[in-house]
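Structural overview
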Amino acid sequence: MTTSDRWQWMRDELEQLKRKAQYRTLHATAMAGEGWIVKNGRSMLNLASNDYLGLGQAPYERPSGPDAENDLPVSTSDSSCAADILHPSGLRAGSGASRLITGHDPVYALFEQEFAAFKGTEGCLVFGSGYMANIGIISSILQRGDEVFSDRLNHASIVDGIILSRAEIHRYRHKDLDHLESLLKKSEPGKKKLIVTDAVFSMDGDLAPLAELVELKERYGAMLMVDEAHSGGVYGQLGEGLVHALGLGVRVDIQMGTFSKAYGVYGAYAAGDSILIEYLINKARSFIFTTALPPMVVQAVHDHWQRSVREGWRREQLHEKSAWFRERLKALGFDTGLSESQIIPLMIGGNREAVAFAEKLQEAGIAAVAIRPPTVPEGEARIRFSLMATHTYSDLEQALGTIEAIGKDLSIV
Ligand SMILES: Cc1ncc(COP(=O)(O)O)c(C=O)c1O
């Protein structure tokens, strides 16, 4: 076999993706402020990120002077250590090991305690990312022989967690409570059961029927896990999430969410009863067998979270601009699917048409990506717009004009 033959099977598979218009490439992208980015050297309006509150694009500055009370308090008798943790130049860029070895920097316990109080749960546990949280939580609480009921449009990280768990999977039709109940009825009494759902669906922008899911899980003796990736920081008066906003609190057994979207940093959490946290520390492999997030990242998460709580205008602006943008798109004749949040799909159908639409948007200075299978079901390719609190109405107005012109050009409206 020659060197050039060695990867022929890969080349073949990639060619297949190209033929199906499912091939993906990376593009250099830098944040430029006020909802703008520079992609491939070109300035574009950013209608494609998860930085809903605009905190990720803001230059990160450690609070100092009168704002210094925003620092995580440090409960340690070693004052030099406290200074290191709190002083900007002393924040560690690396944690050195997993949490269970030597990576459990004091910032962790303090942050987790504060964040659990915010969520209204007994405890909270930080994970490296939302992907790691989902695979770790689900694969540790379910084993072979258990049953899991998962909305068909749940995020890939939930699907991967389920696969890892080896539990029996029942995928219910999107938000279809009758279908879910019929599956729950058929399941064996006494078996461990988990219902799992996104709170805001990442590619459709609609909300899960959480109150009804709580009732079903109570009726059938199941646990309920809610992924607040796209609702944390966005819903609830202070951004506590959709579970909290609906007053469901501890009736939801497991809440998880990320710090990578509205909070604009990185990392994720599981929140729930103390026993759940104790269990995850002992069983979740993506928590145990990985290096802890650097203390400086945890401090940044803390700072952005506090800022998102203080700056309620970001949530208000986001909701206002999202509703306005969606209504304007509909008035122009576009199909925005099921959207009722800051995630607004423009339903197109075919992969090629969606890719052509996205390319034209980018040529016109609007960053928005075509979402294709396998991320969404076959035949449901779309452009996924996502709004930011920091977009200006004049930029959005201009974008709408461009979107309309492209839609007409491609005979979509
Ligand atoms: C619903 C949902 N859960 C989990 C994740 C993963 O989160 P992270 O990006 O922090 O790994 C995502 C990310 O896109 C998501 O949309």
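The rules behind the values
- Residues numbered from 1 in each chain as written.
- Predicted model: local features only at pLDDT ≥ 70, side-chain atom pairs only at ≥ 80, totals over all residues.
- Heavy atoms only, no water.
- Core = buried A, V, L, I, M, F, W, Y, C linked by side-chain atoms within 4.5 Å.
- Buried < 20%, exposed > 50% of the residue type's maximum accessible area, 1.4 Å probe, protein only.
- Helix = DSSP H or I, 4+ residues; strand = E, 2+ residues; numbered from the N terminus.
- Domains from an automatic or database assignment.
- Contact = heavy atoms within 4.5 Å.
- Pairing = 2+ DSSP bridges.
- Expected span 1.5 Å × (residues − 1).
- Arc of directions from axis to C-beta.
- Axes fitted to C-alpha atoms, helices over the stretch in contact; angles between N-to-C directions.
- Parallel < 35°, antiparallel > 145°, perpendicular 65-115°, else oblique.
- Nonpolar A, V, L, I, M, F, W, Y, C, P; charged D, E, K, R; others polar.
- Salt bridge = Lys/Arg side-chain N within 4 Å of Asp/Glu carboxyl O.
- Buried area = accessible area lost by both parts, 1.4 Å probe.
- Near = heavy atom within 4 Å.
- Polar contact = N/O pair within 3.5 Å; in protein donor to acceptor, adjacent residues only side chain to side chain.
- Areas by Shrake-Rupley, 256 points an atom, 1.4 Å probe, with all protein chains shown as cover.
- Phe/Tyr/Trp six-rings, centres within 6.5 Å; stacked < 30°, edge-to-face > 60°.
- Lys NZ or Arg CZ within 6 Å of the ring centre and 35° of its normal.

**Here we look at the nonpolar core**
- F325, I383, F385 and I403 are the most contacted members of the largest nonpolar core, which has 56 residues in total.
- Top contributing element to this core by residue count: helix 16 (residues 393-409), with five residues.
- For this core, the domains that each give at least three residues are domain 1 (21-53 + 312-409) and domain 2 (89-310).
- When neighbours within four sequence positions are excluded, F385 is seen to be in contact with L47, F325, L329, Q342, I343, I344, L346, L361, A368 and I403.

**Details of unusual backbone geometry**
- Of note, the amide linkage connecting P373 to P374 takes the cis form, showing an omega dihedral of 10°.
- Looking at where P374 falls in the secondary structure, it is placed in the loop between strand 13 (369-371) and strand 14 (381-386).
- Here K175, not a glycine, exhibits a phi torsion of approximately 60°, which is positive.
- What makes K175 partly exposed here is its relative accessible area of 25%.

**Structural notes on the pairing of strand 9 (residues 254-258)**
- The buried count for strand 9 comes to five of five residues, which makes it a mostly enclosed element.
- Residues I254, M256 and T258 line one face of strand 9 and the alternating positions Q255 and G257 line the opposite face, and both faces are buried.
- The pairing of strand 8 (residues 223-227) with strand 9 spans three bridges and is parallel. By the bridge assignment, V226 is partnered in strand 9 with Q255.
- Where strand 9 and strand 10 (residues 268-272) come together, four bridges link them in antiparallel fashion. Its bridge partner being in strand 10, M256 is matched across the sheet by A270.

**Considering helix 16**
- With 17 residues, helix 16 extends 24 Å between its outermost C-alpha atoms, agreeing within 8% with the 24 Å of an ideal straight helix rising 1.5 Å per residue.
- Within helix 16 the residues assigned to the buried category are D395, L396, A399, L400, I403, I406 and G407. Within helix 16, the buried residues cover an arc of 140° as seen down the axis, which keeps them to one side. Looking at helix 16, the residues exposed on the side facing more than 90 degrees away from the buried face are S394, Q398, K408 and D409.
- Just downstream of helix 16 lies S411, where phi reads positive at about 55°.

**Considerations on the packing of helix 8 (residues 177-186) against helix 9 (residues 210-219)**
- Here helix 8 crosses helix 9 at 10°, and the two axes come no closer than 11 Å. Classified by the angle between their axes, helix 8 and helix 9 sit roughly parallel to one another. Contact with helix 8, carried on its side by L177, L180, E181 and L184, involves E212, L213, L216 and R219 of helix 9 and no other residues of that element.
- Looking at side-chain class alone, the contact of helix 8 with helix 9 contains five nonpolar, no polar and three charged residues.

**Some points on the pattern of salt bridges**
- Tallied over the entire structure, the rule returns 18 salt bridges.
- Between E181 and R219 there is a salt bridge whose closest N-O contact spans 2.9 Å. With E181 in helix 8 and R219 in helix 9, this residue pair connects regions lying 38 residues apart in the sequence.
- With a shortest N-O distance of 2.9 Å, R251 and E218 are connected by a salt bridge.

**Description of the domain arrangement of the protein**
- By the assigned domains, the protein splits into domain 1 (21-53 + 312-409) and domain 2 (89-310).
- One C-alpha centre belongs to domain 1, the other to domain 2, and the line joining them spans 27 Å.
- If you look at the interface, domain 1 gives 22 residues, while domain 2 gives 26 residues.
- Together, the buried faces of domain 1 and domain 2 total about 1,800 Å²; carbon and sulfur atoms form 51% of this surface.
- Its largest share of buried area at the contact with domain 2, domain 1 owes to R315, L338 and E340, together 29% of the area lost on that side.

**What about the site of the ligand?**
- Neighbouring residues of the ligand: 14 residues in total, closest G130, Y131, D227, H230 and K261.
- The contact in question runs from an oxygen atom of the ligand to an N or O atom on the side chain of H155, over 3.3 Å.
- Within the contact set of the ligand, a nitrogen atom lies 2.6 Å away from a side-chain nitrogen or oxygen of D227.
- Considered on its own, the ligand offers 390 Å² of accessible surface; in the complex 85% of this is hidden by protein.
- For the shell around the ligand, the element with the most residues is helix 6 (residues 130-141), which contributes three residues.
- Along the lines of polarity and charge, the residues of the shell around the ligand split into two nonpolar, nine polar and three charged.

**A look at the packing of aromatic side chains**
- Scanning all chains against the criterion turns up 16 aromatic pairs.
- Seen from their ring centres, F115 and W305 are 5.2 Å apart, and the 75° between their planes marks the pair as edge-to-face. With F115 in helix 5 (residues 106-119) and W305 in helix 13 (residues 295-310), the pair connects residues that are 190 residues apart, well separated along the chain. Each member of the pair, F115 together with W305, is buried.
- The positively charged end of K18 is found above the aromatic ring belonging to Y23, 4.6 Å away from the centroid.

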